[in-house]
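For reference, the chains in residue letters:
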Amino acid sequence: MMLSCPRVYFHLFALFIPACYANLWDVTKLIQEAKAVSSQYVSYVLPANNEAYFTNFTASAPVDFGTFDFIIAGGGTAAGVLAYRLIQAGFSVLVVEAGGEASDTSVILGFSSYLEGSDANWGFYTTPQVNGCLTSANRQCSYPSGKALGGTTGISDGVYARGSPQDYDNWAAMGNTGWAYKDVLPYFKKSENADFILNKDADCHGRNGPQGISFGPDTPGLTTQLLEGFKEIGLREVDYNGESQLGCSRIQLYLSNNIRSGSNYCFFRPIRDSPNLNISLNSLVTKVVMENKRAVGIEFVKDGQYYTANASNEVILSAGAIGSPQILMLSGIGPAAQLKKFGIEVIADLPVGQHFRDHAYLVGVSFPTKETYYNVSLDQAVDLWMHGQGPLIRDLEGVISFHDLDNDAQPDIDIVSYIVASRDPSGNFFINAVEVLIQILQPHFEGEVTLASGDPRDYPLINPNLLANDVDVELIYQGLQIILALNDTEAYRNISSGFMVAAHAACDETSERMTKDWWFCVIRAFTGPCWHSTGTTRMGTCTNDSVVDPDLKVHGIDRLRVVDAGVMPTLNSGHTNAPVVMIAEKISDVIIRDYS
């Protein structure tokens, strides 16, 4: 039976730094780091490969790093949950993370875009695309992915959007027993600490978990108008993480008071002093060590030296839907033809890296506002943030709406009308526009992640195969008609003189502006991947089209699991961080049960 979630909520936002964080920063130190991060954004050159790990490399025999109950390769979203739960259960855990400690500024959601231009980002790019990323150099879109303790939760926009209940019922219908909505809802709630109350219902959201979920404070005079605009065109206000997504809402965020509630601060930080936890930072995992199709440990490189670590119970890959397939393939688990091409011994012929799915979204549409909001210096912005106010509280503050375009009771697109703080040449933060994104939730294209070589120094090749099907272009076009309808509402006329579309000369040269052909050209020019990578180690029961079973154990390999977004058998109709946390919570229980 579907759980019913009410539509009325009361907001309980508190404007202060929680006591558990009060001693972590002083405003002077935080301002200094914020200035360093924002200035680095202009000059920092993202790496193009993993060569830095092999600087001053020694060819000596690997050094034994020790033996642990569990080894987790990767220190991101799922890894934090796994480590937190396994440490609580009394196991010893080694977490091996390619990045370093997260910047203090990573707790400021409004600094997300700056952190994407820092060493907290791997610096991935897609392969050249045929139908998308057309305005990017070489038609290659950037593909940010977190490289620090906490992973992408430290640099993302922090949107909390689980997807629809039907998404998970579909997982179960594909043969993945135990993954229906009724099965996974308790695990969504387990990690959640929602600071808003849903009228007459306690079953949609958790109240006692380690991760705060909040709407954040409104931008006065702006956020409410955005919501009213969608209501004017016939949408109802909903809890999109409840029974039905269809409608509009303020954006729910990974936000506890004013602090980003990412994996680092909510899961790793509480256990950092545990004697059972060992975290090796700046450490690149190069392969899983196996004996007779059984995972016994990992090999990694750190400071130019190879190390091996042994696992008494299991090796768990949690390096994300890009990193985990690369590690598997370098270890001999993947498509046989590809492994043989690079001289890698085939241990298990599985479709690793295939079935790569990502949402896609159109950028370049905005509503300039009639007035400017905030307009404060960096020092003032950080000081306001310390007191739960100002433009840095969140990177995406505004309204999200979900739309069923084909009348099947499932959302096809979402539209995010968000208020983002910009900086002028003098360094002041201000808001003078509402940006609008249209995201395809169930795209019809599928790509792949493949090896560039058999050398761990080389990044894998990421090909989302954007907009390979014109059905998706049509979906975005229909979303644009909704935005045009918003342009005619009283609410949007109150805040803006009209929408703007980013210019692309090729479109203006070939088609009359505002015609369908012109819009199709604009869509292909300004649509890119959402960085919601899934499916590369997908869950299933058949080795022909899946890599792990419903307990996330790699087919045919003993004591090796994958726990990250790669295991999702289909995309969710939302954003991917929430289901990854849920997956890790659920599998933590499975692992603890198996080894207790």
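Residues numbered from 1 in each chain as written. Predicted model: local features only at pLDDT ≥ 70, side-chain atom pairs only at ≥ 80, totals over all residues. Heavy atoms only, no water.

**Student:** Help me understand the overall build of the protein chain in this model?
**Tutor:** Helix and strand content of the protein chain: 15 helices and 27 strands. The globule rule puts the C-alpha radius of gyration for 596 residues at 25 Å, and the 23 Å found for the protein chain is close to it. Based on the C-alpha atoms only, the size of the protein chain along its principal axes is roughly 70 × 55 × 55 Å. For the protein chain, contacts bridging at least 24 residues in sequence account for 73% of all contacts bridging at least 6. Here the protein chain displays about 21,500 Å² of accessible surface, and carbon together with sulfur accounts for 48% of that area. (Helix = DSSP H or I, 4+ residues; strand = E, 2+ residues; numbered from the N terminus. Rg over C-alpha atoms; globule rule 2.2 N^0.38 Å. Contact = heavy atoms within 4.5 Å. Areas by Shrake-Rupley, 256 points an atom, 1.4 Å probe, with all protein chains shown as cover.)

**Student:** Please clarify how the layout of surface pockets should be interpreted in this entry.
**Tutor:** Unoccupied space between atoms shows up once a probe the size of one water molecule is rolled over them. Reported here for the second largest pocket is a volume of approximately 380 Å³. The wall of the second largest pocket is formed by 24 residues, among which Tyr53, Ala98, Asp119, Lys147 and Asn282 lie closest to the centre. The residue inventory of the lining of the second largest pocket, partitioned by class, reads ten nonpolar, nine polar and five charged. (1 Å grid on protein atoms, 1.4 Å probe; cavity = no way out; pocket = protein on both sides within 12 Å on 5 of 7 lines; lining within 4 Å. Points joined across faces, edges and corners; volume = space filled by probe spheres on them. Nonpolar A, V, L, I, M, F, W, Y, C, P; charged D, E, K, R; others polar.)

**Student:** What am I meant to see in the pattern of salt bridges here?
**Tutor:** Pairing is possible between side chains that carry opposite charge, provided their charged atoms lie close to one another. According to the stated counting rule, one finds 19 salt bridges in the structure shown. Among the salt bridges present, the one from Glu474 reaches Lys516, with a minimum N-O distance of 3.0 Å. Taken together, the residues Glu474 in helix α11 (residues 470–487) and Lys516 in helix α14 (residues 516–526) connect sequence positions 42 residues apart. We classify Glu474 as partly exposed; its relative accessible area is 25%. The class for Lys516 is partly exposed, based on a relative accessible area of 38%. Here Arg513 and Asp508 are joined by a salt bridge, their closest N and O atoms 3.3 Å apart. Here Asp508 falls in the partly exposed class, since its relative accessible area comes to 36%. Shared partners join several salt bridges into a network, and the residues in it are Glu314, Arg561, Arg593 and Asp594. (Salt bridge = Lys/Arg side-chain N within 4 Å of Asp/Glu carboxyl O. Buried < 20%, exposed > 50% of the residue type's maximum accessible area, 1.4 Å probe, protein only.)

**Student:** I tried to follow the packing of helix α2 (residues 77–88) against helix α15 (residues 577–595) on my own but got confused; where do I start?
**Tutor:** Packed helices, taken two at a time, are described by their axes: the angle between them and the distance between them. The interhelical angle for the contact between α2 and α15, taken along N-to-C directions, is 30°, at an axis separation of 8 Å. What the angle tells us is that α2 and α15 run roughly parallel. Taken as a pair, α2 and α15 cross one another with a handedness that is right-handed. Of the residues in α15, those in contact with Thr77, Ala78, Val81, Leu82, Arg85 and Leu86 of α2 are Asn577, Val580, Val581, Ala584, Glu585, Ser588, Ile591 and Ile592. Split into classes, the residues belonging to the contact of α2 with α15 amount to nine nonpolar, three polar and two charged. (Axes fitted to C-alpha atoms, helices over the stretch in contact; angles between N-to-C directions. Parallel < 35°, antiparallel > 145°, perpendicular 65-115°, else oblique. Left-handed = near helix turned anticlockwise from the far one by under 90°.)

**Student:** Looking at this structure, how should I read the environment of Gly221?
**Tutor:** Along the chain, Gly221 falls in the loop between β8 (211–214) and α6 (223–232). Along the chain, Gly221 and Asn494 lie 273 residues apart, while their C-alpha atoms are 9.7 Å from each other. For Gly221, the contacting residues outside a window of four places in its chain are Tyr373 and Ile495.

**Student:** How should I be thinking about the sheet that holds strand β11 (residues 259–260) in this particular structure?
**Tutor:** Strand pairing in a sheet takes place through backbone hydrogen bonds and is either antiparallel or parallel in direction. The strand order β6-β8-β10-β11 describes an open sheet built from four strands, whose pairing is mixed. Two strands in the sheet have a free side with no partner beyond their single neighbour: β6 (192–194) and β11. Judged from the two bridges that link them, β8 and strand β10 (residues 253–256) form a sheet pairing that is antiparallel. Across the sheet, Ile213 pairs through a bridge with Tyr254, a residue of β10. Sheet strands touched by helix α5 (residues 181–191): β6 and β8. Its angle to β6, the strand with the most contacts, is close to 65°. (Pairing = 2+ DSSP bridges.)

**Student:** What is the right way to read the nonpolar core from this model?
**Tutor:** Note on soluble globular proteins: their nonpolar side chains tend to be buried together. Core analysis: the largest hydrophobic core is formed by 85 residues, its most contacted members being Ile333, Leu560 and Ile583. With ten residues, α15 is the largest single contributor of residues to this core. If sequence neighbours within four positions are ignored, Ile333 has contacts with Met290, Leu328, Leu339, Ala348, Leu350, Val352, Val554, Ile557 and Leu560. Counting residues in hydrophobic clusters, the runner-up holds 46 residues, among them Val434, Tyr477, Ile482 and Ile523. (Core = buried A, V, L, I, M, F, W, Y, C linked by side-chain atoms within 4.5 Å.)

**Student:** Please explain the side chain of Ser280 as it appears in this structure.
**Tutor:** Secondary-structure assignment places Ser280 in strand β12 (residues 277–280). On the basis of relative accessible area, Ser280 is assigned to the buried category, the value being 1%. Every residue in contact with Ser280, bar those within four places of it in the chain, is listed here: Phe65, Leu94, Val95, Val96, Glu97, Phe300 and Lys302.

**Student:** Help me understand the pairing of strand β18 (residues 360–376) in this model?
**Tutor:** Sheet faces and side chains relate simply in a regular strand, where the side chains alternate between the two faces. Here β18 runs beside strand β22 (residues 429–440); their pairing, made up of nine bridges, is antiparallel. Residue pairing for β22: Tyr361 is matched across the bridge by Gln439. Pairing between β18 and strand β26 (residues 527–529): three bridges, direction antiparallel. Within β26, the position partnered with Ala360 by the bridge is Pro529.

**Student:** Sorry if this is basic, but what is going on with the environment of Leu437 here?
**Tutor:** By secondary structure assignment, the location of Leu437 is in strand β22. If near-sequence neighbours (up to four positions away) are discounted, Leu437 is found in contact with Tyr361, Leu362, Val363, Asp414, Ile415, Val416 and Tyr418.

**Student:** Which parts of the structure should I look at to understand the packing of aromatic side chains?
**Tutor:** Aromatic ring pairs are defined here through the distance separating the ring centres and the angle between the ring planes. If you walk through the whole model with that rule in mind, you get 27 aromatic pairs. Taking 4.9 Å as the distance between ring centres and 70° as the angle between the ring planes, the aromatic pair formed by Tyr168 and Trp171 counts as edge-to-face. Note that Tyr168 and Trp171 are positioned in helix α4 (residues 165–173) at a spacing of three residues, about one turn of the helix. Among the aromatic residues, those joined into a ring-pair cluster are Tyr41, Phe111, Tyr114 and Phe429. Between the NZ or CZ atom of Lys147 and the centre of the ring of Trp122, over which it lies, the distance is 5.0 Å. Cation over ring: Lys586 sits above Trp179, and NZ or CZ is 4.3 Å from the ring centre. (Phe/Tyr/Trp six-rings, centres within 6.5 Å; stacked < 30°, edge-to-face > 60°. Lys NZ or Arg CZ within 6 Å of the ring centre and 35° of its normal.)

**Student:** Even after reading the chapter, I still don't get the state of the cysteines, so can you show me in this structure?
**Tutor:** A covalent bond bridging the sulfur atoms of two cysteines is what the word disulfide describes. What the rule picks out here adds up to two disulfides. In this model, Cys133 is linked to Cys141 through a disulfide, with the two sulfur atoms separated by 2.2 Å. As the torsion about the S-S bond is roughly -120°, the Cys133-Cys141 disulfide counts as left-handed. Of the two residues, Cys133 and Cys141, both sit in the buried class. One disulfide in the model links Cys507 with Cys521; its S-S distance is 2.1 Å. With the S-S dihedral at roughly -85°, the linkage between Cys507 and Cys521 falls on the left-handed side. Separated by 14 residues along the polypeptide, Cys507 in helix α13 (residues 505–510) and Cys521 in helix α14 bring together distant segments of the chain. (Disulfide = S-S within 2.5 Å.)

**Student:** Would you take a moment to explain helix α8 (residues 320–330) for this structure?
**Tutor:** Side chains three or four residues apart in an α-helix point the same way, a direct result of the helix having 3.6 residues per turn. In terms of burial, α8 is largely enclosed, as ten of its eleven residues are buried. Within the span of α8, buried status applies to Ala321, Ile322, Gly323, Ser324, Pro325, Gln326, Ile327, Leu328, Met329 and Leu330. A positive phi of about 95° marks Gly332, the residue just after α8.

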